[in-house]
Amino acid sequence: MKIAIYSAKPFEINALKKANATEAHELKFISEALRENTVELANDCTGLAAFSNDDLSAKVLNLLKKAGIKYLTLRSTGYDHIDLPHAKKLGMRVAYVPEYSPYSIAEHSVMLMLALNRKVLLANKRLRQFNFELDPLIGFDMNGKTAGIIGTGKIGGIVAKILHGFGCKLLAYDIEENPKLSEKYGVKYCKLDELLNSSDIVSLHCPLNDNTRNLIDAAAFAKMKKGSMLVNTSRGAVIDTEAAIGAIDNGTLAYLGLDVYEKEKGLFFYDHSNKKINDPLFEKLLSYDQVLITGHQAFLTQTALRNIAETTLHNLSCFEEGKDCENELKE
């Protein structure tokens with residue numbers, strides 16, 4: 001089958017080629033993101049592999065159907081960017097990558113915590129200026145601090161494991177509790193308000209849906225401890241960015257670590273170094289010393305890239321052969 005791979009990035013192409021050695025598909029790498037005006041690039045393809053910043057709205061899906069696309073797979077765990085009911089209505093089969101390396105994202109989350117706490121960027125900047133004074137670099141012991149984990153799936157569970165190793169007290173909020181986390185790491189499940197009220201560190205690991213969009217808004221920030229830390233490696237829109245800026249300004253947030261941003265589409269994954277970014281909110285975030293942002297790279301390990309590539313091509317092979325696919329998304 002000929003497969004259109006949209007938003008193909010240099011860092012993943014080799015992994016996809018290696019994975020295809022056993023699948024023998026014809027891969028068409030398209031650097032452009034999937035949009036209404038780029039659908040025509042897939043005209044000669046039957047399958048399509050989309051990235052998290054591609055547009056899979058009903059309008060684009062209609063165009064893909066006319067172009068001859070029968071099978072879709074997402075190179076991501078999240079699937080909030082596809083109108084899944086409409087895809088099913090069009091008779092398209094859709095799959096995703098349910099997990100690629102939960103360790104990669106969990107470890108990146110804790111890295112953000114440590115880098116913010118111990119002011120690693122500021123320390124490195126001052127050292128390069130041969131300023132070895134320590135006064136502005138005071139951090140805190142993670143041991144004994146209370147960490148609240150929102151979303152305790154595989155990624156959140158690994159974060160709990162790591163933070164338990166640091167000696168943190170662990171709170172969790174999820175619609176589905178995992179008793180094994182309580183048994184192994186002493187995780188206490190509680191209501192969201194209690195978690196926000198009690199946590200020194202809050203780490204987000206929930207999917208984006210109608211219930212979690214802007215879950216951390218002005219009202220949520222008002223319930224958090226003064227001087228607390230918030231880390232988000234899930235989806236950008238789980239946090240209301242304007243409210244987060246307000247929480248920094250009023251002292252609620254002393255630390256904010258982000259690998260995602262609610263308006264990242266068209267911004268992250270591209271080189272804008274010679275362009276002006278017309279995004280006042282993002283520019284405001286960058287102006288704070290206590291904010292650390294990475295460009296949606298938490299997943300970016302060799303293990304994760306290999307697993308994404310292998311699962312992506314496996315999904316499409318199952319569809320082509322008319323087989324059941326364990327990763328197929330249902331309505």
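What you are looking at is a predicted structure, and each value in this text was computed from that prediction instead of being measured.

### Thoughts on the overall build of the chain
Per the secondary structure count, the chain includes 12 helices and 12 strands. Relative to the 2.2 N^0.38 estimate, which gives 20 Å for 331 residues, the radius of gyration of the chain is 21 Å and therefore close to what a compact globule would have. By its C-alpha atoms, the chain is 60 × 50 × 35 Å across when sized along the principal axes. Across the 331 residues that make up the chain, the buried fraction comes to 52%. Long-range contacts, defined here as pairs at least 24 residues apart, represent 67% of the contacts in the chain between residues at least 6 apart. One finds the centroid of the 40 positive side-chain charges in the chain at a distance of 1 Å from the centroid of its 42 negative side-chain charges.

### Some points on the pairing of strand β10 (residues 228-232)
Within β10, five of the five residues are buried, leaving the element largely enclosed by the surrounding structure. Across the two faces of β10 the burial is the same, with S228, L230 and N232 and M229 and V231 all buried. Where strand β9 (residues 201-204) meets β10, four bridges bridge the pair, whose relative direction is parallel. Bridging across to β10, S203 finds its partner in V231.

### Points about the pattern of salt bridges
Summed over all chains, the structure comprises 13 salt bridges. As a salt-bridge pair, E321 and K323 come within 2.9 Å of each other at their nearest N and O atoms. Overall, E321 belongs to the partly exposed group, its relative accessible area being 49%. A single salt-bridge network, built from bridges that share partners, covers K2, E26, K28 and D44.

### Comments concerning the sheet that holds strand β4 (residues 71-74)
Sheet architecture is open: five strands sit in the order β2-β1-β3-β4-β5, paired in parallel fashion. Both outer strands of the open sheet, β2 (26-29) and β5 (93-95), are each paired with one neighbouring strand and no more. Taken over all neighbouring pairs, the strand axes of this sheet differ in orientation by 20° on average, direction set aside. As paired elements, strand β3 (residues 47-50) and β4 share four bridges and run parallel to each other.

### Remarks on the side chain of S109
Tracing the chain through its elements places S109 in helix α4 (residues 102-117). Taking relative accessible area as the criterion, S109 reaches 0% and is therefore assigned buried. Beyond its immediate stretch of four places on either side in the chain, S109 contacts V159, S203, H205, V231 and T233.

### Observations concerning helix α1 (residues 10-20)
Listing the buried residues of α1 in full gives E12, A15, L16, A19 and N20. Each buried residue of α1 sits inside an arc of 135° when the element is viewed along its axis, so together they form one side. Of the exposed residues in α1, those oriented more than 90 degrees away from the buried face are P10, N14 and K18. Tucked inside the fold, the buried residues of α1 contact β1 (2-5), β2 and α12 (302-320).

### Topic: α4
Here α4 is 16 residues long and its end C-alpha atoms lie 23 Å apart, about the 22 Å a rise of 1.5 Å per residue gives. Burial analysis of α4 places 12 of its 16 residues in the buried class, the great majority of the element. Along α4, the positions that sit buried rather than exposed are P102, S104, I105, A106, H108, S109, V110, L112, M113, A115, L116 and N117. Positioned one or two residues after α4, K119 has a phi angle of 55°, which is positive.

### Considerations on a nonpolar patch on the surface
A grouping of L127, F130 and F132 is seen on the molecular surface, where their side chains present a nonpolar patch of about 390 Å² in accessible area. You can see F130 is positioned in the loop between α5 (120-128) and β6 (146-150).

### Side note on the packing of aromatic side chains
The final tally for this structure, using the stated rule, is 10 aromatic pairs. Judged by centre distance (5.8 Å) and plane angle (35°), the ring pair of Y71 and F319 falls under tilted. With Y71 in strand β4 and F319 in helix α12, the pair connects residues that are 248 residues apart, well separated along the chain. The same class applies to Y71 as to F319, namely buried. With 6.5 Å between their ring centres and 65° between their planes, F130 and F132 make a pair best called edge-to-face.

Conventions used here
- Residues numbered from 1 in each chain as written.
- Predicted model: local features only at pLDDT ≥ 70, side-chain atom pairs only at ≥ 80, totals over all residues.
- Heavy atoms only, no water.
- Helix = DSSP H or I, 4+ residues; strand = E, 2+ residues; numbered from the N terminus.
- Rg over C-alpha atoms; globule rule 2.2 N^0.38 Å.
- Buried < 20%, exposed > 50% of the residue type's maximum accessible area, 1.4 Å probe, protein only.
- Contact = heavy atoms within 4.5 Å.
- Lys, Arg positive; Asp, Glu negative; His and termini not counted.
- Charge placed at Lys NZ, Arg CZ, Asp CG, Glu CD.
- Pairing = 2+ DSSP bridges.
- Salt bridge = Lys/Arg side-chain N within 4 Å of Asp/Glu carboxyl O.
- Axes fitted to C-alpha atoms, helices over the stretch in contact; angles between N-to-C directions.
- Arc of directions from axis to C-beta.
- Expected span 1.5 Å × (residues − 1).
- Patch = residues over 30% accessible without salt bridge, like charges linked within 9 Å, V, L, I, M, F, W, Y side chains within 5 Å.
- Areas by Shrake-Rupley, 256 points an atom, 1.4 Å probe, with all protein chains shown as cover.
- Phe/Tyr/Trp six-rings, centres within 6.5 Å; stacked < 30°, edge-to-face > 60°.

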